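An overview of the molecular structure
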Amino acid sequence: MPTISRVGLVAKHNLDAAAGVLAELAGWLEARGATPVFETETATLAGLPPDRPTSTRDALPSDCDLIVVLGGDGTLIGMANRIAQAGVDVPILGVNFGSLGFLTEITLPELYESLDGVLDGSADMDRRMMLRAQTLREDAVFTERIVLNDVVITKGALSRIIELAVSVGDQPVMRVRADGLIVASPTGSTAYNLAAGGPIVHPALDAVLLTPIAPHTLTNRPVIIPASSIVRVEPLMNNSHDEVFVTFDGQTGHPLQADDAVEIGRAGRPLRVVRSSRRSYFDVLRQKLKWGER
């Protein structure tokens, strides 16, 4: 692993509990010859003097060799999206200040042990597949996003059941009459996909999940397909009252029009996530979901 010389530090918005940790962490990094680079709002949160190196959230991935996130999974996902958009291969270490923390699995007592492993090159790293999604409108790319968890096509708040035509490659797969459809990565299998009745998929698998949300018929079931596939979802909007939206990792999105299509496939680069050396993926499932307990 390349030498870590600049470490980006970013905390969840208004996470006052992280202020003292950030100041201590900055001193710890400097004592080991690494330069802490604070995200702009995080520097204000920590009450640091203005001479500290800072960067915006969007620029941080290009300015650093490692990013440390203090917060919950939402904060980590936001930085993961920015790493992907920047086209860089910067690892990310998530420290859990949230309530669940599937991705920010490293606890505060494990922080410095985990950082030591990253700095000396011995840390365990997961490579998490990401998805690239494009909304096509009038034969042109209207939006493009890279996501870690999922792309969701869903009905509006006042809409009835919507109908979606789903194909994989050039093969029609199904017409879904439901509240929507989740297209998820293995990492996203424990997010919205799990709440909608989809399967848990180990993040090392090269697969994509298609999970209908509250389908109208019992024959619509989740499907797991190869990650090399291109999924195409087209809303079949029968009247002007239909409202269909696409959301990306639950953080951004937009309404779809009648002739739009959303295409989802594997992104060109995975995300490197620093993993805790103290627990396995199945340990995390047991601790967070009480999975497998009697």
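As a reminder, the structure under discussion sits directly above these lines.
Residues numbered from 1 in each chain as written. Predicted model: local features only at pLDDT ≥ 70, side-chain atom pairs only at ≥ 80, totals over all residues. Heavy atoms only, no water.

Looking now at helix H4 (residues 73-86). In this model H4 runs 20 Å from its N-terminal to its C-terminal C-alpha over 14 residues, within 8% of the 20 Å that 1.5 Å per residue would give. The buried fraction of H4 is high, at ten of 14 residues. Among the residues of H4, Asp73, Thr75, Leu76, Ile77, Gly78, Met79, Ala80, Asn81, Ile83 and Ala84 are the ones counted as buried. Here the buried face of H4 lies against strand E1 (6-11), helix H3 (60-63), strand E4 (66-71), strand E5 (92-96), strand E8 (140-147) and strand E19 (271-275). Looking one or two residues past H4, glycine 87 carries a phi angle of roughly 70°, positive in sign. (Helix = DSSP H or I, 4+ residues; strand = E, 2+ residues; numbered from the N terminus. Expected span 1.5 Å × (residues − 1). Buried < 20%, exposed > 50% of the residue type's maximum accessible area, 1.4 Å probe, protein only. Contact = heavy atoms within 4.5 Å.)

Before going further, it helps to spend a moment on the sheet that holds strand E13 (residues 207-213). Pairing between the strands of a sheet comes from backbone hydrogen bonds, and it takes one of two forms, parallel or antiparallel. Read from one edge to the other, the open sheet built from six strands follows the order E14-E13-E12-E9-E16-E17, with strand pairing classed as antiparallel. Taken across any chain shown, the strands that pair with only one partner, and hence form the sheet edges, are strand E14 (223-226) and strand E17 (252-256). Between one strand axis and the next, the sheet turns by 15° as a mean value, whatever way the strands run. Here strand E16 (residues 244-248) runs beside E17; their pairing, made up of five bridges, is antiparallel. In the sheet register, valine 244 faces E17, and the bridge partner there is leucine 256. (Pairing = 2+ DSSP bridges. Axes fitted to C-alpha atoms, helices over the stretch in contact; angles between N-to-C directions.)

In this section: the environment of aspartate 63. Mapped onto the elements, aspartate 63 comes out in helix H3. With a relative accessible area of 31%, aspartate 63 lands in the partly exposed category. In this structure, the C-alpha to C-alpha distance between aspartate 63 and valine 7, residues 56 residues apart in sequence, is 8.7 Å. The contacts of aspartate 63, once residues within four sequence positions are left out, are Arg6 and Ser55.

Our focus in this paragraph is a nonpolar patch on the surface. A grouping of Ile200, Phe282, Leu289 and Trp291 is seen on the molecular surface, where their side chains present a nonpolar patch of about 320 Å² in accessible area. Relative to the helices and strands, phenylalanine 282 is located in helix H7 (residues 281-289). (Patch = residues over 30% accessible without salt bridge, like charges linked within 9 Å, V, L, I, M, F, W, Y side chains within 5 Å. Areas by Shrake-Rupley, 256 points an atom, 1.4 Å probe, with all protein chains shown as cover. Salt bridge = Lys/Arg side-chain N within 4 Å of Asp/Glu carboxyl O.)

Okay, the packing of aromatic side chains next. Going through the model one piece at a time under the given rule, you end up with two aromatic pairs. Judged by centre distance (5.1 Å) and plane angle (40°), the rings of tryptophan 28 and tyrosine 112 are tilted. Taken as a pair, tryptophan 28 in helix H1 (residues 19-31) and tyrosine 112 in helix H5 (residues 111-120) lie far apart in primary sequence, 84 residues in all. (Phe/Tyr/Trp six-rings, centres within 6.5 Å; stacked < 30°, edge-to-face > 60°.)

Across all of its chains, the model carries 16 salt bridges by this definition. We note a salt bridge from arginine 278 to glutamate 113, for which the minimum N-O separation is 2.6 Å. Linking arginine 278 in the loop between E19 and H7 with glutamate 113 in helix H5, this pair joins segments that are 165 residues apart in sequence. On the basis of relative accessible area, glutamate 113 is assigned to the partly exposed category, the value being 37%.

Further remarks concern empty space enclosed by the protein. Within this structure, the stated rule accounts for one cavity of 30 Å³ or more. What the largest cavity holds in volume is close to 40 Å³. Of all elements in the fold, only strand E6 (124-128) and E19 reach the threshold of two or more residues within the lining of the largest cavity. Class assignment for the residues of the lining of the largest cavity results in four nonpolar, no polar and four charged. (1 Å grid on protein atoms, 1.4 Å probe; cavity = no way out; pocket = protein on both sides within 12 Å on 5 of 7 lines; lining within 4 Å. Points joined across faces, edges and corners; volume = space filled by probe spheres on them. Nonpolar A, V, L, I, M, F, W, Y, C, P; charged D, E, K, R; others polar.)

With that out of the way, let us pick up the sheet that holds strand E11 (residues 171-178). The antiparallel open sheet is built from six strands, whose spatial order is E8-E7-E18-E15-E10-E11. In this open sheet, the two edge strands, each paired with only one partner strand, are E8 and E11. Within the sheet, the average angular offset between the axes of one strand and its neighbour, ignoring direction, is 20°. Across five bridges, the pairing between strand E10 (residues 162-168) and strand E15 (residues 231-235) is antiparallel. In the sheet register, valine 168 faces E15, and the bridge partner there is valine 231.

Within the secondary structure, leucine 148 sits in the loop between E8 and strand E9 (150-155). Of the residues examined, leucine 148 reaches a relative accessible area of 0% and is grouped as buried.

As a further point, take the layout of surface pockets. Computed from the structure, the largest pocket encloses a volume of approximately 190 Å³. Contributing to the lining of the largest pocket are 16 residues, with Asp73, Phe102, Leu103, Thr187 and Thr190 lying nearest its centre. When residues of the lining of the largest pocket are traced back to their parent elements, those giving at least two are H4 and H7. Tallying contributions element by element places H4 first for the lining of the largest pocket, with three residues. Of the residues in the lining of the largest pocket, the class split is nine nonpolar, four polar and three charged.

Once that is clear, we can look at the side chain of serine 114. On the secondary structure map, serine 114 appears in helix H5. Apart from the residues within four sequence positions on either side, serine 114 is in contact with Leu93 and Ile106.

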